[in-house]
Amino acid sequence: MPVLVMKFGGTSVADLARIRNAAEKVKREVEQGYDVIVVVSAMSGKTNELVGWVEQTSPLFDAREYDAVVSSGENVTAGLMALTLQEMDVPARSWQGWQVPLKTTSAHSAARIEAIPRDNIDQKFAEGMKVAVVAGFQGISSEGRITTLGRGGSDTTAVAFAAAFDAVRCDIYTDVDGVYTTDPRIEDKARKLDRIAFEEMLELASLGAKVLQTRSVELAMRYKVKLRVLSSFEDTDENSGTLVCDEEDIVEQNVVSGVAYSRDEAKMTLISVADRPGIAAAIFGPLAKAGVNVDMIVQNISEEGRTDMTFSCPVNQVARAREAMNKTKDAGEVNFRELVADTDVAKVSVVGIGMRSHAGVASTMFDALAAEGINIRVITTSEIKISVLIDRKYMELAVQALHDAFKLENAG
Ligand code: ADP
Ligand code: ASP
Ligand code: MG
């Protein structure tokens, strides 16, 4: 039997009625002749609640126990989904990550999938089971500890199962009916795209569009998984939603396909650092070792052999970055006068494969922001994206201004 993977996110399994609604979609695919692997998230809000409990109990928590706690939301929905399907006379059973076993690295709270042995689930399919319900987001390390794949990780579970089982498609059911030109929650004029290229989706995801976890797009691209995003609240058919596909499969390509934002950024500036060879390595080496995800970097004009070094990182890593920098200062490795953290910034980015062959995207972007009086603090570019760091209070305005400037209301 051909295998289909269907993933339901938190809002799609938020209560028993929604689980039933999702199960009905699964049943319809079983009736079409598929063996189905269903990947479920925790009920919406559950993972946040669990994270909160961990942080209240132990501010400097043991990451292994964090994973033991926060992975548990998915166990509940996996069991309930299997029960709901059984009640509909669909032969189904649930698997927690360790039971598959979905093997991962030991990087707790950000583990990567290493292997998904098929035997266990294949055998049950051969015996007549129609649906394997898998708890998303979780796995097991070689030390035998429960791991999680990072927030939004059920998307990655789904794509990894689709790759491992040569699925005909991986359908990601969520609370929007596809991938939009920008988050439809902050721009009414956002348009749903019928198709988006892997490279663009990868950039949008890594720049903050949380509709798919970045790692899931990477895996889909690498293993050529047919990946689709669609609504769990609407009637859907094979043409619904947005297909994430190869660039060659898109007929009409816009210069800019989408606008992404990331709210929780911080800008850190090391003031008056010695401007000498090796200084960047002396700063960014220790930051990397401390687990700080440095994103943008700017070295400002140097005067009398001294310079200011600015970088951005997620706002919840500011304390860690500060600690790492103070240590290097105390060790005499980097001498700076002061470390200034601005935690009220956000990143807004435009993404499009068409930028490779079109000039003028940067100037259109900067003009649009200037027209709204928005000051740009840091800029970075790559072949298919331009990102700016701005004051957080202008974030929504910037997204809307850029959506207008690139005429994205005509996309889709
Ligand atoms: P799930 O719980 O199903 O995994 P998420 O909340 O993780 O759902 O992702 C879906 C959300 O992603 C949408 O509700 C939407 O607000 C947000 N989003 C951000 N950018 C986009 C975009 N470009 N297209 C569609 N949704 C987006
Ligand atoms: N429940 C997890 C989270 O909220 C994983 C997921 O939903 O994808 O991050
Ligand atoms: Mg998600």
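Since we're looking at a predicted model, the values are computed, not measured.

1. Describing helix 6 (residues 154-164)
Thinking step 1. Counted residue by residue, helix 6 has 9 buried out of 11 residues, so it is predominantly covered.
Thinking step 2. Within the sequence span of helix 6, burial applies to S154, D155, T156, T157, A158, V159, A160, F161 and A162.
Thinking step 3. Directly after helix 6, the chain includes D166, whose backbone phi takes a positive value near 45°.

2. A closer look at the packing of helix 7 (residues 198-206) against helix 8 (residues 214-222)
Thinking step 1. At a minimum axis distance of 8 Å, the contact between helix 7 and helix 8 shows a crossing angle of 165°. By the angle between their axes, helix 7 is roughly antiparallel relative to helix 8. The handedness of the crossing between helix 7 and helix 8 is left-handed. Contacts from F198, E199, M201, L202, A205 and S206 of helix 7 reach helix 8 at T214, V217, E218, A220 and M221.
Thinking step 2. Its residues assigned to classes, the contact of helix 7 with helix 8 comprises 7 nonpolar, 2 polar and 2 charged.

3. Things to note about the site of ligand 1
Thinking step 1. Surrounding ligand 1, one finds 16 residues, the nearest of these being T174, D175, Y180, D183 and R185.
Thinking step 2. Between D175 and ligand 1, the recorded distance is 2.8 Å, taken from a side-chain N or O atom to an oxygen atom.
Thinking step 3. Contact between ligand 1 and R185: an oxygen atom at 2.6 Å from a side-chain N or O atom of the residue.
Thinking step 4. Calculation on ligand 1 without its partners gives an accessible area of 570 Å², and the protein chains cover 88% of this total.

4. Here's the deal with the packing of aromatic side chains
Thinking step 1. Taken as a whole and assessed by the stated rule, the structure comprises 4 aromatic pairs.
Thinking step 2. A ring pair is formed by F8 and Y173, whose centres lie 4.9 Å apart and whose planes are at 15°; its orientation type is stacked. Separated by 165 residues along the polypeptide, F8 in strand 1 (residues 3-8) and Y173 in strand 9 (residues 169-174) bring together distant segments of the chain. Grouping residues by exposure puts F8 and Y173 together as buried.
Thinking step 3. Seen from their ring centres, F284 and F311 are 5.7 Å apart, and the 80° between their planes marks the pair as edge-to-face.

5. A word on the UniProt feature "binding site: substrate" (unreviewed entry) in the chain
Thinking step 1. The positions UniProt marks with the feature "binding site: substrate" (unreviewed entry) are T47 and E74. In three dimensions, the annotated residues from a span of 28 residues occupy one location, with a maximal C-alpha spread of 8.7 Å.
Thinking step 2. Looking at the element boundaries, T47 is found in helix 2 (residues 46-57).
Thinking step 3. Along the chain, the position of E74 falls in helix 4 (residues 72-87).
Thinking step 4. Apart from the residues lying within four places of it in its own chain, the contact partners of E74 are V40, S41, A42, T47, A135, G136, F137, Q138 and S154.

6. Concerning the site of ligand 2
Thinking step 1. In the vicinity of ligand 2, the contacting residues are S41, A42, T47, E74, F137, R151, G152, G153 and S154.
Thinking step 2. The contact in question runs from an oxygen atom of ligand 2 to an N or O atom on the backbone of G152, over 2.9 Å.
Thinking step 3. Here ligand 2 has 270 Å² of accessible area as a free molecule, and 86% of this is covered by the chains.
Thinking step 4. Grouping the constituent residues of the shell around ligand 2 by class yields 2 nonpolar, 5 polar and 2 charged.

7. A look at the sheet that holds strand 9
Thinking step 1. Across the sheet, which stays open at both edges, the 8 strands sit in the order 3-6-2-1-9-11-12-10 with mixed pairing between neighbours. Across the chains shown, the open sheet's two edge strands, defined by having one partner strand only, are strand 3 (92-95) and strand 10 (195-197). On average, each strand axis in the sheet is inclined to that of its neighbour by 20°, with strand direction left out of account.
Thinking step 2. Sheet topology note: the strand 2 (residues 35-40)/strand 6 (residues 131-135) ladder contains 5 bridges and is parallel. In the sheet register, V36 faces strand 6, and the bridge partner there is V131.
Thinking step 3. Running over the sheet, helix 7 touches strand 10 and strand 12 (242-245) and is turned about 80° from strand 10.

8. Concerning the environment of A167
Thinking step 1. You can see A167 is positioned in the loop between helix 6 and strand 9.
Thinking step 2. As for A167 and A135, which are separated by 32 residues in sequence, their C-alpha atoms are 18 Å apart.

9. Considering the nonpolar core
Thinking step 1. Ranked by size, the top nonpolar core spans 44 residues in total, and within it V5, I37, F161, C170 and M201 carry the most contacts.
Thinking step 2. When residues in this core are grouped by element, the largest group, 5 residues, is from helix 6.
Thinking step 3. Ignoring anything within four residues of it in the chain, the contact list for F161 reads V5, I37, V100, L102, I116, I121 and V134.
Thinking step 4. If you look at the next biggest cluster of nonpolar residues, it comprises 25 residues, including F8, A23, V36 and L230.

10. A few points about helix 3 (residues 63-70)
Thinking step 1. Taken residue by residue, helix 3 has Y66, D67 and V70 as its buried positions. Take helix 3 and look down its axis: the buried residues cluster within an arc of 95°, on one side only.
Thinking step 2. Here the buried face of helix 3 lies against helix 2, helix 4 and strand 8 (146-148).

11. Some points on the sheet that holds strand 13 (residues 258-274)
Thinking step 1. The 6 strands lie next to each other as 14-15-13-16-18-17, forming an open sheet whose pairing is antiparallel. Edge positions in the sheet fall to strand 14 (297-299) and strand 17 (378-382), since each of these pairs with one other strand and no more. Across the sheet, the axes of successive neighbouring strands diverge by a mean angle of 25°, strand direction being ignored.
Thinking step 2. Inspection of the sheet shows strand 14 paired to strand 15 (residues 306-314) by 3 bridges, in the antiparallel sense. Paired with Q299 across the bridge in strand 15 is M309.

What counts, and where the lines are drawn
Residues numbered from 1 in each chain as written. Chains lettered and ligands numbered in written order. Predicted model: local features only at pLDDT ≥ 70, side-chain atom pairs only at ≥ 80, totals over all residues. Heavy atoms only, no water. Buried < 20%, exposed > 50% of the residue type's maximum accessible area, 1.4 Å probe, protein only. Helix = DSSP H or I, 4+ residues; strand = E, 2+ residues; numbered from the N terminus. Axes fitted to C-alpha atoms, helices over the stretch in contact; angles between N-to-C directions. Parallel < 35°, antiparallel > 145°, perpendicular 65-115°, else oblique. Left-handed = near helix turned anticlockwise from the far one by under 90°. Contact = heavy atoms within 4.5 Å. Nonpolar A, V, L, I, M, F, W, Y, C, P; charged D, E, K, R; others polar. Near = heavy atom within 4 Å. Polar contact = N/O pair within 3.5 Å; in protein donor to acceptor, adjacent residues only side chain to side chain. Areas by Shrake-Rupley, 256 points an atom, 1.4 Å probe, with all protein chains shown as cover. Phe/Tyr/Trp six-rings, centres within 6.5 Å; stacked < 30°, edge-to-face > 60°. UniProt positions renumbered as here; feature names shortened; annotations may be inferred. Pairing = 2+ DSSP bridges. Core = buried A, V, L, I, M, F, W, Y, C linked by side-chain atoms within 4.5 Å. Arc of directions from axis to C-beta.

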